[in-house]
Amino acid sequence: MRAVLYDRWGGPEVLRLAEVEVPVPQVGEVLVRVVATSINSWDWDLLTGKRYLVRPSGFAKGPKQLGFDVAGIVERIGPGVTRIRRGDAVLGDRAFDGPKAFAEFVVVKETALAVKPEGMSFTHAAALPQAGLLAALGLSGTPDIKSGSRILVNGAGGGAGTFAIQLAKLRGAHVTGVDSAAKLEAVRAAGADRAIDYAVTDFTRIGERYDRILDVVASRSPLDFARALAPGGRLAVVGGTPGALLGAATLGTVLGIFVGKRLGVVLHKADIHELERLAALGVAGRLTPVIDSTYPLEKIRDAFAHFASGRFVGKIVLAVDSAAL
């Protein structure tokens, strides 16, 4: 089978397509024929080495793979699999099993897969898992988001950001989205009540307060965010480099004790029930993945170059089996 590999840290230029063996599902796993997948910031961080606090010096174990989001058809089931059947169309996230979805076949744990609703396209299914779950997790917990809650999404034009806007609006919140000027139209189209260009306006210094801030890019310090939180408000950091996330987890926790606000990192988890709920919202037309572009697997370098430019809105999808889309 074909898979995307890389042999050293770098940018799109180090990616290559190569023939590798088809993996064999073990206990509790299924083999999925990948129809589509999508690029997440985690993939970029792994490719460039930014995912590591201290970047390893080499590739002692050989070439590495990328890809977490999975949308495809089950080809084979391993021992102990009871919920998923051969031939099922599925979607899921390999967040805790390692990135290997940029390939024609991938093994995924049954517990990380949801059955794809019939009314959902593989393109939308590929865009949903990691970004959708991060957005949902960032909006969970206390204080509860309800009608009239004031929510700010920093990095609102990306995958998790556009999902977060829609999910918050479904709960009646007033949503402010922050991103670059080029993405503000898409931020409004996703449902934001207000869109702020971060290059023009510092939202932490205009005197407005929010009940929840969802930070997708970890571009500000917890102290900055604390100024923009209402009393009892909460900062949920769901994206960024390890250093930024560590700072939010440590300084944010300590600072939160003194200012009476919750400041911290939301850890990603493959919640199958939440993924099923998000997929159901998608089929019902209440949650729509924003698809920036779709590239065939052969154009993997072009897809990552577009991702690296930062000009994309929503999700960049990779069509592994274009005929099945």
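Residues numbered from 1 in each chain as written. Predicted model: local features only at pLDDT ≥ 70, side-chain atom pairs only at ≥ 80, totals over all residues. Heavy atoms only, no water.

Some points on the nonpolar core
Formally: Definition of nonpolar core: a set of buried residues of the types Ala, Val, Leu, Ile, Met, Phe, Trp, Tyr and Cys, connected through side-chain atoms within 4.5 Å. Here the term buried applies to any residue with accessible area under 20% of the maximum for its type, exposed to any over 50%, and partly exposed to those in between, with areas from a 1.4 Å probe on protein chains only. In this text, helices come from DSSP runs of H or I with a minimum length of four residues, and strands from runs of E with a minimum of two, each type numbered from the N-terminal end. Residues count as neighbours in contact if any of their non-hydrogen atoms are within 4.5 Å of one another.
Membership of the largest hydrophobic core comes to 47 residues, with the highest contact counts inside it found for Leu128, Ile151, Val153, Ile165, Leu167 and Leu278. No other element matches helix H4 (residues 159–170), which puts six residues into this core. With near-sequence residues (within four places) excluded, leucine 128 lies in contact with Leu91, Met120, Leu133, Phe163, Leu275, Leu278, Ala279 and Leu287. If you look at the next biggest cluster of nonpolar residues, it comprises 35 residues, including Tyr6, Val34, Val90 and Leu297.

Focus: the side chain of threonine 176
With respect to the element layout, threonine 176 can be found in strand E10 (residues 174–179). Once residues lying within four places of it in the same chain are set aside, the contact partners of threonine 176 are Ile151, Leu152, Val153, Arg194, Ile196 and Tyr210.

Concerning the confidence of the model for the chain
Keep this limit in mind: The predictor rates its confidence in each residue with pLDDT, a number between 0 and 100.
Overall, the prediction assigns the chain a mean pLDDT of 90, with 88% of residues at 70 or greater. Considering only residues more than four positions removed or in separate chains, one finds that residues 254–260, a stretch of pLDDT under 50, has seven contacts.

Let's talk about the packing of aromatic side chains
Stated formally: Each Phe, Tyr or Trp ring, with Trp reduced to its six-membered ring, pairs with another whose centre is within 6.5 Å; inter-plane angles below 30 degrees give stacked pairs, above 60 give edge-to-face pairs, and intermediate values give tilted ones. Criterion for a charge above a ring: Arg CZ or Lys NZ at most 6 Å from the ring centre, at most 35 degrees from the ring normal.
With the rule as written, the count across this model stands at six aromatic pairs. For the ring pair phenylalanine 102 and phenylalanine 304, a centre distance of 6.1 Å and an interplane angle of 70° mean the geometry is edge-to-face. With phenylalanine 102 in the loop between strand E6 (89–93) and strand E7 (105–109) and phenylalanine 304 in helix H9 (residues 300–309), this residue pair connects regions lying 202 residues apart in the sequence. Each member of the pair, phenylalanine 102 as well as phenylalanine 304, is classed as buried. Here the aromatic rings of phenylalanine 307 and phenylalanine 312 are separated by 4.7 Å at their centres, their planes lie at 20°, and the arrangement is stacked. Assigned by exposure class, phenylalanine 307 and phenylalanine 312 land together as buried. An aromatic cluster of at least three residues, connected via ring pairs, comprises Trp44, Phe102, Phe304, Phe307 and Phe312. Between lysine 116 and the ring centre of phenylalanine 122, over which it is positioned, the NZ or CZ distance is 4.6 Å.

Considerations on H4
Which entries qualify depends on this criterion: Between the first and last residue of a helix there are one fewer steps than residues, each counted as 1.5 Å, and that sum is the expected span.
If you check H4, its first and last C-alpha atoms are 17 Å apart, about what twelve residues at 1.5 Å a residue would give, namely 16 Å. Within H4, burial applies to Gly159, Ala160, Gly161, Thr162, Phe163, Ala164, Ile165, Gln166, Leu167 and Ala168.

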